[in-house]
Amino acid sequence: MSVLSVTRSHSSISPSLPPWSSPKIHGCLSSPIFLIPFSTLKSSRFPPRFSAYGNWDHRKTRFRANSADPERDLQFPTQISQENDGIPENSGSNPSTSFLSVLCPLLKLFSAQDPSQERNYFLEVATSYLSTLSRLPWGSRSLTVSLDSQEISAVDLPNRVQIFEFEACPFCRRVREAITELDLSVEIYPCPKGSIRHREMVRSVGGKEQFPFLLDSNTGISMYESSEIVKYLFQQYGKGRSPSIGLLESTLFTGWMPTILRAGRGMSLWEKASTEPPPKKLELYSYENNPYARLVREALCELELPYILQTVGEGSRRINLLLEASGSTEVPYMIDPNTRTQLGDYKKILSYLFQTYSSVGNGI
């Protein structure tokens with residue numbers, strides 16, 4: 001287990017949203033003035049907030065701009081079938097998605113072992129540590145320690161930012177690394193291949209299955225494209241600070257390494273996962289590059305369990321709240337309000353998750 005400084009926040013009651021303004025056009029986030037060709041805009045229904053049950057109420061029509069970034073994130077066909085599930089659209093026109101279309105089936109073969117069965121934890125931890133080394137120095141440290149003393153945490157917002165992603169996706173990893181640097185508390189909606197809930201949400205709201213996907217009801221923003229999401233998060237919640245050097249650029253080179261080293265864990269829905277979502281979201285204290293927390297996030301993704309991610313990188317301002325909840329500064333630490341279970345050992349967390357949220361298990 002790794003030791004680090006973390007804090008945590010509880011927000012059981014979310015204040016009502018401020019009055020909605022008329023639709024606005026949002027484009028590149030690096031400039032205060034945006035000039036976007038109208039032909040690139042697509043109308044998108046944007047919900048103010050998903051409920052714990054995965055339902056939402058449509059409010060106003062928002063507009064989103066297609067990114068001009070030549071690097072495309074992971075996009076999957078709208079019509080999913082056994083034959084082509086996970087093959088990216090337009091794979092012939094993009095090297096990264098073409099690579100993924102070959103890599104995903106191969107990794108699925110290596111990760112065919114039932115994740116609920118007894119594991120070789122030495123191998124699991126070793127490959128996770130190598131994954132951590134491949135992504136150093138990103139996703140381990142909060143950059144807020146170098147800012148002024150004012151809090152810049154998402155827990156102070158009326159609603160948490162919502163991220164739809166899956167653990168094995170290198171572009172989703174880029175966003176999670178940024179979340180660690182910004183010391184944010186966000187809601188994670190895992191979207192593994194074979195998803196029965198969350199991918200449909202993304203398709204209904206954004207019009208296509210592409211990940212990661214961000215919803216921010218505090219500003220009325222919804223967007224695809226990991227690089228644009230990272231820039232948006234830093235502009236909106238980082239007081240204009242830029243991501244750490246190399247975070248955006250390195251994804252195409254070493255962002256794939258954890259996916260390969262972990263043999264695609266956190267990529268596909270476990271066939272025995274419960275088909276019903278829990279009434280309340282789980283809560284996980286983690287930071288992106290922690291090798292033990294990675295194993296737990298993979299399980300949450302394979303079970304398609306939505307959860308509140310309390311980011312706790314080195315220098316995080318959540319240390320006192322984590323100490324209050326767990327009595328230590330070790331991560332991962334998981335809280336399940338559905339069963340009033342709190343666990344801090346990654347092996348116990350994995351065993352608990354697959355027993356509790358299995359379609360053939362005891363359930364909650």
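Residues numbered from 1 in each chain as written. Predicted model: local features only at pLDDT ≥ 70, side-chain atom pairs only at ≥ 80, totals over all residues. Heavy atoms only, no water.

Regarding the overall build of the chain
If you tally the helices and strands in the chain, you get 10 helices and 14 strands. Looking at the chain as a whole, 55% of its 364 residues are labelled buried. Within the chain, counting contacts between residues at least 6 apart in sequence, those at least 24 apart form 76% of the total. Of the roughly 15500 Å² that the chain leaves accessible, carbon and sulfur atoms contribute 55%. (Helix = DSSP H or I, 4+ residues; strand = E, 2+ residues; numbered from the N terminus. Buried < 20%, exposed > 50% of the residue type's maximum accessible area, 1.4 Å probe, protein only. Contact = heavy atoms within 4.5 Å. Areas by Shrake-Rupley, 256 points an atom, 1.4 Å probe, with all protein chains shown as cover.)

Some thoughts on helix α5 (residues 226-237)
Look at α5: 16 Å from first C-alpha to last across 12 residues, which is about the 16 Å you get at 1.5 Å a residue. Of all 12 residues that make up α5, nine are buried, and the element is covered over most of its length. Within the span of α5, buried status applies to S226, S227, E228, I229, V230, Y232, L233, F234 and Y237. Structurally, α5 contributes buried residues whose contacts are with α3 (170-182), β8 (213-216), β9 (221-223) and α6 (247-254). A positive phi of about 55 degrees marks K239, the residue just after α5. (Expected span 1.5 Å × (residues − 1).)

Side note on the environment of P158
Mapped onto the elements of the fold, P158 is located in the loop between α2 (121-134) and β5 (162-165). For P158, a relative accessible area of 28% translates into the label partly exposed. Considered as a pair, P158 and S217 are 59 residues apart in the sequence and their alpha carbons are 8.7 Å apart.

Some details on the packing of aromatic side chains
Applying the stated criterion across every chain yields a total of 10 aromatic pairs. Aromatic pair F164 and Y189: ring centres 4.7 Å apart, planes at 10 degrees, arrangement stacked. Placement of the pair is F164 in strand β5 and Y189 in strand β6 (residues 185-190), with a sequence separation of 25 residues. Each member of the pair, F164 as well as Y189, carries the same accessibility label: buried. Ring geometry for W270 versus F354: centroids 5.2 Å apart, planes at 90 degrees, classification edge-to-face. Placement of W270 in the loop between α7 (257-261) and β10 (282-286) and of F354 in helix α10 (residues 346-356) is noted, with a sequence separation of 84 residues between them. Assigned by exposure class, W270 and F354 land together as buried. Here a set of aromatic residues connected by ring pairs shows up, and it is made of Y121, Y129, Y292 and Y346. (Phe/Tyr/Trp six-rings, centres within 6.5 Å; stacked < 30°, edge-to-face > 60°.)

A short note on the confidence of the model for the chain
The predicted coordinates of low-pLDDT regions are not to be read in fine detail. Put simply, the chain has an average pLDDT of 76, and 64% of its residues get 70 or more. Long-range and interchain partners of residues 1-48, a stretch whose pLDDT sits below 50, account for 143 contacts in this model, where long-range means more than four residues apart. Scored below 50 in pLDDT, residues 50-71 shows 81 contacts in the model against residues more than four places distant or in partner chains. (pLDDT = per-residue confidence, 0-100.)

Considering the environment of P137
Assignment of secondary structure puts P137 in the loop between α2 and β5. The exposed category is assigned to P137, whose relative accessible area is 57%.

Concerning the sheet that holds strand β11 (residues 307-311)
One open sheet accounts for eight strands, arranged β9-β8-β5-β6-β11-β10-β13-β14; its pairing is mixed. The strands lining the two open edges of the sheet, one partner per strand, are β9 and β14 (341-343). The average undirected angle you get between the axes of adjacent strands in this sheet is 20 degrees. Pairing analysis gives four bridges linking β6 to β11, with the strands arranged antiparallel. The residue of β11 that forms the bridge with V186 is L309. Most of the contacts of helix α4 (residues 198-206) go to β8, to which it runs at about 70 degrees, and overall it touches β5, β6 and β8. Lying over the sheet, helix α8 (residues 291-302) contacts β6, β10 and β11, oriented at roughly 155 degrees with respect to β10. (Pairing = 2+ DSSP bridges. Axes fitted to C-alpha atoms, helices over the stretch in contact; angles between N-to-C directions.)

As for the pattern of salt bridges
What the rule picks out here adds up to 18 salt bridges. E302 is the salt-bridge partner of R265, the closest N and O atoms lying 3.9 Å from each other. On the criterion of sequence distance, the pair formed by R265 in the loop between α7 and β10 and E302 in helix α8 is long-range, its members being 37 residues apart. When sorted by exposure, R265 lands in the same class as E302, which is buried. Here the salt bridges share partners, and the residues they tie into one network are E165, E167, R173, R176, E288 and R297. (Salt bridge = Lys/Arg side-chain N within 4 Å of Asp/Glu carboxyl O.)

Considerations on unusual backbone geometry
P137 follows L136 through a cis peptide bond whose omega is 5 degrees. With an omega dihedral of 5 degrees, the bond running from V331 to P332 counts as a cis peptide bond. Note on placement: P332 falls in the loop between β12 (330-331) and β13 (333-336). You will see that A263, though not glycine, has its phi angle at about 55 degrees, which is positive. Note that A263 resides in the loop between α7 and β10. One non-glycine residue, E304, lies in positive phi territory at about 55 degrees. For E304, the position within the fold is in the loop between α8 and β11.

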